[in-house]
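Secondary and tertiary structure notes
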Amino acid sequence: MIPFDDSRLTAMGLLAEVYTGISAKTHQSFLAVGLSDIDFETLIRLARSPECRLRMSDLAAQTNLSTSGMTRVVDRLEREGLVTRQACPTDRRASYAVITELGTDRLGAVVPQHLHDIETWFTGLLSPEQLDVFLDTLRVVRDAVRPCATAGAEFPSQRTPCDHEAEERIPADLTPSE
């Protein structure tokens, strides 16, 4: 007998339903400021990173895109003036994607609504204790299935002046990167 009622299937189904539902609720906020979901993810990861930049390879690993896929995203964001590239001084094969002031301003235009959406459709539905346990649980699973999800991130004690400038425009709830 095939165990169609296995709780593992239920867990995966619920996770997929929750992710799809929350994504649908937040998608319109991004579109309102001219961003796609991957544009927002790219920009927020850059804004939350040391010196507001990440190596292209680390950014690709964090977003789960291929290097060429991330290159296409950054090319488009660069044409829009939301990011720029910097050569790596220690490795001529590598480059950094860096969020620009215009990119930070675009994020600043969507983050208040995004935080409202998150509170309405996700975190606000949980008690503080439930949220703490849930976040710890998600990190355990994330670290197992996406060990590169924090590639290039540093701890808060290693933050740079750029990060503090960004904090003035990006609410504290979204800093530092995890």
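Check the entry above for the structure.
Cut-offs applied
Residues numbered from 1 in each chain as written. Predicted model: local features only at pLDDT ≥ 70, side-chain atom pairs only at ≥ 80, totals over all residues. Heavy atoms only, no water. Helix = DSSP H or I, 4+ residues; strand = E, 2+ residues; numbered from the N terminus. Buried < 20%, exposed > 50% of the residue type's maximum accessible area, 1.4 Å probe, protein only. Areas by Shrake-Rupley, 256 points an atom, 1.4 Å probe, with all protein chains shown as cover. Phe/Tyr/Trp six-rings, centres within 6.5 Å; stacked < 30°, edge-to-face > 60°. Lys NZ or Arg CZ within 6 Å of the ring centre and 35° of its normal. Pairing = 2+ DSSP bridges. Axes fitted to C-alpha atoms, helices over the stretch in contact; angles between N-to-C directions. Parallel < 35°, antiparallel > 145°, perpendicular 65-115°, else oblique. Contact = heavy atoms within 4.5 Å. Nonpolar A, V, L, I, M, F, W, Y, C, P; charged D, E, K, R; others polar.

**Re the overall build of the protein chain**
Looking only at helices and strands, the protein chain has seven helices and three strands in total. Out of the 178 residues belonging to the protein chain, those deemed buried represent 34%. Roughly 10,800 Å² of accessible area belongs to the protein chain as shown, and the carbon and sulfur atoms make up 58% of that amount.

**Some words on the packing of aromatic side chains**
Evaluated as defined, the whole model comprises two aromatic pairs. With 4.3 Å between their ring centres and 15° between their planes, phenylalanine 30 and phenylalanine 40 make a pair best called stacked. One end of the pair, phenylalanine 30, is in helix α1 (residues 7-32); the other, phenylalanine 40, is in helix α2 (residues 37-47), with ten residues separating them in the sequence. Classification of phenylalanine 30 by relative accessible area gives buried; the value is 4%. Owing to a relative accessible area of 7%, phenylalanine 40 belongs among the buried residues under this scheme. Note on phenylalanine 122 and phenylalanine 134: the rings are 5.7 Å apart at their centroids and 80° apart in plane angle, and the pair reads as edge-to-face. With phenylalanine 122 in the loop between α5 (101-121) and α6 (128-145) and phenylalanine 134 in helix α6, the pair connects residues that are twelve residues apart, well separated along the chain. The aromatic ring of tryptophan 121 is capped on one face by lysine 25, whose charged end is 4.1 Å from the ring centroid. Just above the ring of tyrosine 96 sits the side chain of arginine 53; from NZ or CZ to the centre is 3.8 Å.

**Some remarks on α2**
Structurally, the α-helix is built with 3.6 residues per turn, so residues lying three or four positions apart point the same way. Counting buried residues along α2, eight of its eleven residues qualify, which places the element largely inside the surrounding structure. Residues of α2 that are buried include every one of Asp39, Phe40, Thr42, Leu43, Ile44, Arg45, Leu46 and Ala47, and no others.

**Points about the sheet that holds strand β2 (residues 83-87)**
Read from one edge of the open sheet, three strands run β1-β3-β2, paired in antiparallel fashion. Each edge of the open sheet carries a strand with a single partner, namely β1 (53-55) and β2. Each strand axis lies, on average, 30° off the axis of its neighbour in the sheet, ignoring direction. Looking at chain direction, β2 and strand β3 (residues 95-99) are connected through five bridges and run antiparallel. What sits directly across from valine 83, in β3, is isoleucine 99.

**Re the packing of helix α3 (residues 56-63) against helix α4 (residues 67-79)**
At a minimum axis distance of 9 Å, the contact between α3 and α4 shows a crossing angle of 105°. When the interaxial angle is binned, α3 and α4 end up roughly perpendicular. Residues Met56, Leu59, Ala60 and Thr63 of α3 form the contact with α4, whose participating residues are Thr67, Met70, Thr71 and Val74. Here the residues of the contact of α3 with α4 are counted per class, giving five nonpolar, three polar and no charged.

**Some points on the environment of valine 111**
Checked against the element boundaries, valine 111 lands in helix α5. Distance in space between the C-alpha atoms of valine 111 and phenylalanine 40 is 9.6 Å, their sequence separation being 71 residues.

Purely geometric stuff here, so don't read any function into it on its own.
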